[in-house]
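Topology and contacts: notes
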Amino acid sequence: MLDGAADGIKFYIGKFDGDMLGRLDMWAADCGQILFSLSPGMGTAITLSSFTFIVSICNSAFSLVGGFAIFSIVGNIAYNINAAGGSTT
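One numbering rule holds for all chains: residues counted from 1, following each sequence as written. Only residues with pLDDT of at least 70 get local features here, since the model is predicted, and only at 80 or more are side-chain atom pairs given and counted; chain-wide, interface and lining totals rely on the full set of residues. Side-chain metrics rest on all non-hydrogen atoms present in the structure, leaving aside hydrogens and water.

So, on to the overall build of the chain. Along its length, the chain carries four helices and zero strands. Helix and strand assignments follow DSSP, with helices taken as H or I runs no shorter than four residues and strands as E runs no shorter than two, numbered in order from the N terminus. Moving toward the C terminus, one meets the helices and strands of the chain in the order α-α-α-α. Three exposure classes are used, based on accessible area relative to the maximum for each residue type with a 1.4 Å probe and protein chains only: buried under 20%, partly exposed in between, and exposed over 50%. Burial statistics for the chain: of 89 residues in total, 15% are counted as buried. What makes two residues a contact is simply this: any of their non-hydrogen atoms within 4.5 Å. Of the contacts made within the chain by residues no fewer than 6 positions apart, 66% connect residues no fewer than 24 positions apart. Shrake-Rupley sampling with a 1.4 Å probe provides the accessible areas, and residues are treated as covered by the protein chains on show and by no other component. Counting only carbon and sulfur atoms, one obtains 71% of the accessible surface of the chain, whose full area is about 6,800 Å².

Encoded structure:
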């Protein structure tokens, strides 16, 4: 395991704001992001429109796992900067 990765994952999980789940504008932005991330073209969105729920769940799961990967690496980078006497602020 990378040094500092646990700190990055704690930051990723610890910043969750459950109140945002009740906001309609957040859900609208999320659906727009899911459709945008399917592909740059509309053909895929039209083809997969009957599987929107399945695609949304898979895309969300992929994004969640990707967040763990990214934030563990960012935690390691912050650890290395601090170990070298630098500042992350």
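That covers the picture; the talk isn't over yet.
Pairing between side chains of opposite charge can happen when their charged atoms approach one another. Any Lys or Arg side-chain nitrogen found within 4 Å of a carboxyl oxygen on Asp or Glu counts as a salt bridge. By the definition in use, this model includes one salt bridge. Notably, a salt bridge pairs Arg23 with Asp25, separated by 2.8 Å at the nearest N-O pair. Its relative accessible area of 44% is what places Asp25 among the partly exposed residues.

Attention now moves to the environment of Val74. Note that Val74 resides in helix 4 (residues 52-83). On a C-alpha basis, the gap between Val74 and Gly8 in space is 6.2 Å, while along the polypeptide they are 66 residues apart.

Bringing the side chain of Ser72 into the picture now. Mapped onto the secondary structure, Ser72 falls in helix 4. Here a polar contact is recorded for every N or O atom pair within 3.5 Å, except that within protein the pair must consist of a potential hydrogen donor and a potential acceptor, and residues adjacent in sequence are included only if both atoms are side-chain atoms. Of the polar contacts made by the side chain of Ser72, one reaches the backbone oxygen of Ala69; its length is 2.9 Å. Beyond its immediate sequence surroundings of up to four residues, Ser72 is in contact with Leu2, Ala5 and Ile9.

Each Phe, Tyr or Trp ring (for Trp, its six-membered ring) is paired with any other whose centre lies within 6.5 Å, and the angle between the two planes then decides the class: stacked below 30 degrees, edge-to-face above 60, tilted in between. Applying the stated criterion across every chain yields a total of three aromatic pairs. Seen in terms of ring centroids, Tyr12 and Phe68 are 5.2 Å apart; in terms of plane orientation they differ by 80°. Their pairing is edge-to-face. With Tyr12 in helix 1 (residues 5-14) and Phe68 in helix 4, the pair connects residues that are 56 residues apart, well separated along the chain. Exposure remark for Tyr12: the relative accessible area of 23% places this residue in the partly exposed category. When the ring of Tyr12 is compared with that of Phe71, the centres are 4.9 Å apart and the planes differ by 20°; the resulting orientation is stacked. One end of the pair, Tyr12, is in helix 1; the other, Phe71, is in helix 4, with 59 residues separating them in the sequence. For Phe71, a relative accessible area of 25% translates into the label partly exposed. What links up through ring pairs into an aromatic cluster is the set Phe11, Tyr12, Phe68 and Phe71.

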